[in-house]
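One-letter residues, chain by chain:
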Amino acid sequence: MERVDVAIVGGGPGGTSAAHAAARHGADAVVLEKGVPRADRDRLGPDSTDAAGMLDYWVDLMDFESDEEFPEDVILAELNGASFIGPNESVTLRSTGIDASYPNFGFTFHRAKFDDWLRDRAEDAGAEYRVGVSVTGVETDLSNDYSHRVSLADGEDLEAKFLILADGPQRTITAGAVGQFLPGEETLSDRLPSTKANHIAYQEHRRMPEELFPEDTIDFWWGVMPGHTAYPWIFPNDGNVARIGLTMPIGLDIDDYDASEWALLREDDDQIPRGAEYVERLLEREFPDYDLEDFPLVEDRGKTGGTETYPISSTRPIDSPTGADIAVVGGAMGATSAFHEGGDHVAVRTGKIAGTLAAQDQIGRYNDEWKAAIGEEVLRNVAMAEVVHDFGPDDWDRTFETVTRMEHVEGVRWRQALAAGVDGLRLLGRYKWTKRHYRDGAYVQLAESEYSV
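This is a predicted model, so every value here is computed, not measured.

Novice: For this particular structure, what's the right way to read the pairing of strand β1 (residues 2-9)?
Specialist: Where β1 lies against strand β11 (residues 158-165), 7 bridges are found, and the strand directions are parallel. Note on β11: the bridge partner recorded for V6 is F162. Of the strand pairs in this sheet, β1 and strand β2 (residues 29-33) are connected by 4 bridges, and their pairing is parallel. Bridge assignment links V9 to a residue of β2, and that residue is L32. Between the parallel elements β1 and β2, the chain passes through helix α1 (residues 13-24) in a crossover that is right-handed.

Novice: What's the story with the layout of surface pockets in this structure? I'm lost.
Specialist: Left-over empty space is what a probe sized like a water molecule reveals as it rolls over the atoms. Of the volumes computed, that of the second largest pocket is approximately 720 Å³. Lining the second largest pocket are 38 residues, and of these D47, A166, D167, G168 and P169 lie nearest its centre. Residue assignment for the lining of the second largest pocket shows that the elements contributing at least two residues are α1, β2, β16 (307-313) and α8 (344-359). Split into classes, the residues belonging to the lining of the second largest pocket amount to 15 nonpolar, 16 polar and 7 charged. Each of two domains, domain 1 (2-79 + 98-193 + 314-374) and domain 2 (196-312), supplies a minimum of three residues to the lining of the second largest pocket.

Novice: Honestly, the packing of α8 against helix α9 (residues 366-387) in this entry has me stumped. Any pointers?
Specialist: Helix-helix packing is described using two parameters, namely the angle between the two axes and the distance between the axes. Orientation of α8 relative to α9, taken along the N-to-C sense of each, is 160°, at an axis distance of 10 Å. Accordingly, the angle class assigned to the pair α8 and α9 is roughly antiparallel. As for the relative orientation of α8 and α9, their crossing is right-handed in sense. Of the residues in α9, those touching α8 at H345, V346, R349, T350, I353, A354 and L357 are Y366, E369, W370, A373, I374 and E377. Residue classes in the contact of α8 with α9 are distributed as 8 nonpolar, 2 polar and 3 charged.

Novice: Any chance you could explain the nonpolar core here in plain terms?
Specialist: Across soluble globular proteins, nonpolar side chains have a tendency to be buried as a group. One finds V6, V150, L163, I164, L165, Y366 and W370 to be the most contacted residues of the largest nonpolar core, which totals 63 residues. Discounting chain neighbours no more than four positions away, the residues touching L165 are V9, I173, T174, A177, V178, I326, A327, V328, V329 and A332.

Novice: So what exactly am I meant to see when it comes to the side chain of Q445 here?
Specialist: Structurally, Q445 is set in the segment after α12 (422-437). Judged by its relative accessible area of 19%, Q445 falls in the buried class. Those residues in contact with Q445 that lie beyond four places of it in its chain are R191, L192, T315, R316, P317, I318 and E450.

Novice: Quick question: what am I supposed to make of the UniProt feature "domain: FAD-binding" (unreviewed entry) in the protein chain here?
Specialist: UniProt tags residues 3-188 as "domain: FAD-binding" (unreviewed entry). With 22% helix and 30% strand, residues 3-188 has its two end C-alpha atoms placed 27 Å apart.

Novice: Explain the side chain of H20 to me, please; I cannot follow it from the model alone.
Specialist: Relative to the helices and strands, H20 resides in helix α1. Among residues more than four places away in sequence, those in contact with H20 are E68, R121, A122 and A125.

Novice: Explain the sheet that holds strand β5 (residues 81-85) to me, please; I cannot follow it from the model alone.
Specialist: As a general point, the strands of a sheet are linked pairwise by backbone hydrogen bonds and lie either parallel or antiparallel. The strand order across the open sheet formed by 7 strands is β6-β5-β13-β14-β15-β12-β16, and the pairing between neighbours is mixed. Lying at the two open borders of the sheet, with one neighbouring strand each, are β6 (90-93) and β16. Ignoring strand direction, the axes of neighbouring strands in this sheet form an average angle of 20°. Of the strand pairs in this sheet, strand β14 (residues 231-236) and strand β15 (residues 241-249) are connected by 6 bridges, and their pairing is antiparallel. Each residue of the ladder has a partner; that of W233, found in β15, is G245. Those strands touched by helix α7 (residues 275-286) are β12 (198-207), β13 (217-221), β14 and β15, and its axis lies near 120° from that of β15.

Novice: Hey, could you run me through unusual backbone geometry in this one?
Specialist: For residues that are not glycine, phi is negative in most cases, and the peptide bond is trans in most cases. Its identity as a non-glycine residue notwithstanding, T229 has a phi of 45°, on the positive side. With respect to the helices and strands, T229 occurs in the loop between β13 and β14. By relative accessible area, which is 6% here, T229 ends up buried.

Novice: Looking at this structure, I do not really get the sheet that holds strand β3 (residues 53-55). What am I missing?
Specialist: The 3 strands lie next to each other as β3-β7-β4, forming an open sheet whose pairing is antiparallel. Of all strands in the sheet, those bounded by a partner on one side alone are β3 and β4 (75-79). Neighbour to neighbour, the strand axes of the sheet diverge by 20° on average, direction disregarded. Pairing of β3 with strand β7 (residues 106-109), which is carried by 3 bridges, proceeds in the antiparallel orientation. Note on β7: the bridge partner recorded for M54 is F107.

Novice: What is the right way to look at empty space enclosed by the protein in this model?
Specialist: A full pass over the atoms with the stated rule returns 1 cavity of 30 Å³ or more. In this structure, the largest cavity spans a volume of roughly 90 Å³. Around the largest cavity sit 15 residues that line it, and R38, H110, R111, H205 and R243 are the ones nearest its centre. Sorting the residues of the lining of the largest cavity by element identifies α3 (111-124) and β12 as the ones contributing at least two each. When the residues that make up the lining of the largest cavity are grouped by side-chain class, the tally is 3 nonpolar, 5 polar and 7 charged. The two domains that each donate at least three residues to the lining of the largest cavity are domain 1 (2-79 + 98-193 + 314-374) and domain 2 (196-312).

Calculation criteria
Note that residues are indexed from 1 along each chain, following the sequence as it is written. This being a predicted model, a pLDDT of at least 70 is required before a residue's local features are given, and a value of 80 or more before pairs of side-chain atoms are given or counted; all residues contribute to the totals for chains, interfaces and linings. Only heavy atoms go into the side-chain values, all of them from the structure, while hydrogens and water stay out. Pairing between two strands is assigned when DSSP locates at least 2 bridges connecting them. In DSSP terms, a helix is any run of H or I states spanning at least four residues, a strand is any run of E spanning at least two, and both are numbered starting from the N terminus. We call a crossover right-handed when, viewed with both strands directed away from the observer, the connection leading from the first strand over the helix to the second proceeds clockwise. Site definitions follow a grid-based scheme: protein atoms alone, a 1 Å grid, a 1.4 Å probe that fits but cannot get out for cavities, and for pockets an open set with protein on both sides within 12 Å along at least five of seven lines, plus lining residues having an atom within 4 Å of a point. Grid points are joined across faces, edges and corners, and a volume is the space filled by probe spheres set on the points. The classification used treats Ala, Val, Leu, Ile, Met, Phe, Trp, Tyr, Cys and Pro as nonpolar, Asp, Glu, Lys and Arg as charged, and all other residues, Gly among them, as polar. Each domain's extent is set by a domain assignment, obtained either automatically or from a database. Every axis corresponds to a line fitted to the C-alpha atoms, with the helix fit spanning only the stretch in contact, and the corresponding angles, defined between N-to-C directions, vary from 0 to 180 degrees. Under this scheme an angle from 65 to 115 degrees is roughly perpendicular, one under 35 degrees roughly parallel, and one over 145 degrees roughly antiparallel; angles in between are oblique. By convention, the crossing between two helices is left-handed when the near helix turns anticlockwise from the far helix through less than a right angle, and right-handed when the turn is clockwise. Here, two residues are considered to be in contact whenever any of their heavy atoms come within 4.5 Å of each other. To form a nonpolar core, buried Ala, Val, Leu, Ile, Met, Phe, Trp, Tyr and Cys residues must be joined to one another through side-chain atoms within 4.5 Å. Throughout, exposure labels follow a simple rule: accessible area from a 1.4 Å probe, protein chains only, divided by the maximum for the residue type, with under 20% read as buried, over 50% as exposed, and the rest as partly exposed. UniProt positions are given in the numbering used here, feature names are shortened, and annotations may be inferred rather than shown by experiment.

Below is the structure:
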């Protein structure tokens, strides 16, 4: 049976970054990726579905070498800000408020080309990328040096010293591989049921009228559709093509909501609208002087006629059972977030950390290392998602009005909050209290100490 130092399940940003780092540090690393076809990719690759926006400080979080620049065809549009639009109030931010080396607010990018660049980079470093290979399961026997037996659909199994799980928020393989070390009869699905662990996202590639195209901002709508961290968006691409989509929790019940309170619901809805219906309603509401035909689908992009559906993590992250020489990275660990729409930056960084430590036979440090690298980023998103958990339309309008007043005052946040009055102080105070509640890694919902290894 074939043996390798590091087996990596999943060939997206987390997996390829792990492979690159492991190979650079002298390990024999192999990526196992089932492969998904896309209209905008010439070869099989990972399930590259994401709104694919990058903020300035996220570039630093990825921790690329100074000479590793994105190819020109990866970046689609440079961004100068982000607009947050409520039912009646809105605010546009021109700065993330975090020091960064990237000169602009951020950029949108072609996720499939980004993934392919990461793959080429890993292969150039000496890693092997096997596409068209489906992993069916993992068994771990800690009495062996090569303790992980990775079962493949073609019957050509392999053994590995270290296992890195990068199979995304669906956790197809992670669930079983990590579940081996949960106490009693508990499974990872018990801790992370799909209806709570993930949101569902849907987007369409549409060409917009030139006068409407948001060339340098990403636009988010809050308080127009029900559900915790449920929101539509428009992301500019190139050539007046935008990704218009949304994210929402799974399994919402229309009977739990008053349709009259939500701009994108209708009184005669007998269920939560499908993603495509939400997109049409957004376009009709925001651009009433135009017809849907003025926003044609661009069918040579995406996976299905210009459309894409994909899961995205919506829970706090988990630790890895590093005592079994296993590291979970990116979406599989829940470090990506529905709140900030994606997480390619944290997938890249956690993958890099896991690959480096595996090659150095120090994977036991992984949980501490990823917290040191991205813990503050995770804490910010967990805290903000908690603050807005029960927001309705009026709450979002009040928040955007408050933020607008705060943005007009220069200086530290407490001074801005004071200038915004009671609402500003309440908003800042709740955020600070929530961050304090989750400090020192308390945002982790499955701790390393809970594994039986």
